[in-house]
Amino acid sequence: SNTDMVKYAFGGDLPASINLETSKIKGLYNFNNKTIYILDSFDIDNQSDRAILVHELVHFLQFQHGDDKLFECKRKLESFAYRLQAEYLHKHGEKIGFDGDHIRRVSSCG
């Protein structure tokens, strides 16, 4: 479920700015077991859903290249993944469903 995805994504380290009830996470990359998780409702034929996969693949590559070691917390990796996700959506004429405020909230370490 989406609630499970949010809890799994942030664990006990849920930022105060994240509302568990309204947050929507369709996919996530688990760096511990090197696995991408996506909701069952994921539609590979949908460009917005594909953009989520792009986002998670960015995280996979970040960890493969050791980028996670460049920051004090792993949430700092979100801004680059969101930027590429937005570029993918824009290229395919899709609406970008997040803004700079959202990115700042999810990439905040404090």
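For the structure, check the block above.
What counts, and where the lines are drawn
Residues numbered from 1 in each chain as written. Predicted model: local features only at pLDDT ≥ 70, side-chain atom pairs only at ≥ 80, totals over all residues. Heavy atoms only, no water. Helix = DSSP H or I, 4+ residues; strand = E, 2+ residues; numbered from the N terminus. Buried < 20%, exposed > 50% of the residue type's maximum accessible area, 1.4 Å probe, protein only. Contact = heavy atoms within 4.5 Å. Areas by Shrake-Rupley, 256 points an atom, 1.4 Å probe, with all protein chains shown as cover. Expected span 1.5 Å × (residues − 1). Arc of directions from axis to C-beta. Salt bridge = Lys/Arg side-chain N within 4 Å of Asp/Glu carboxyl O. Pairing = 2+ DSSP bridges.

1. A closer look at the overall build of the protein
The number of helices and strands found in the protein is four helices and two strands. Helices (α) and strands (β) of the protein occur, in sequence order from the N terminus, as α-β-β-α-α-α. Across the 110 residues of the protein, 35% fall into the buried class. Within the protein, contacts between residues separated by at least 24 positions form 46% of all contacts whose residues are at least 6 apart in sequence. Within the structure as shown, the protein displays about 7,000 Å² of accessible surface, and the carbon and sulfur contribution to it stands at 51%.

2. Points about helix H3 (residues 78–91)
Look at H3: 20 Å from first C-alpha to last across 14 residues, which is about the 20 Å you get at 1.5 Å a residue. Buried within H3 are the following residues: Glu 78, Ala 81, Tyr 82, Gln 85, Ala 86, Tyr 88 and Leu 89. Seen along its axis, H3 keeps its buried residues to an arc of 160°; they face one direction. Among the exposed residues of H3, those pointing more than 90 degrees away from its buried face are His 90 and Lys 91. Packed against the buried residues of H3 are helix H2 (47–64) and helix H4 (100–106). Just past H3, the residue Gly 93 takes up positive phi, approximately 70°.

3. Focus on the pattern of salt bridges
A complete count under the given rule lists four salt bridges for this structure. Note that Asp 68 is salt-bridged to Lys 69, the shortest N-O span being 3.7 Å. A relative accessible area of 67% means that Lys 69 is categorised as exposed.

4. Describing the pairing of strand S2 (residues 35–38)
Side-chain direction in a regular strand flips from residue to residue, so the side chains alternate between the two faces of the sheet. Inspection of the sheet shows strand S1 (residues 27–30) paired to S2 by four bridges, in the antiparallel sense. Among the inter-strand pairings, Asn 30 is bridged to a residue of S2, identified as Thr 35. Where S1 hands over to S2, the hairpin turn is made up of four residues, of which Lys 34 adopts a positive phi near 55°.

None of this, on its own, says anything about what the molecule does.
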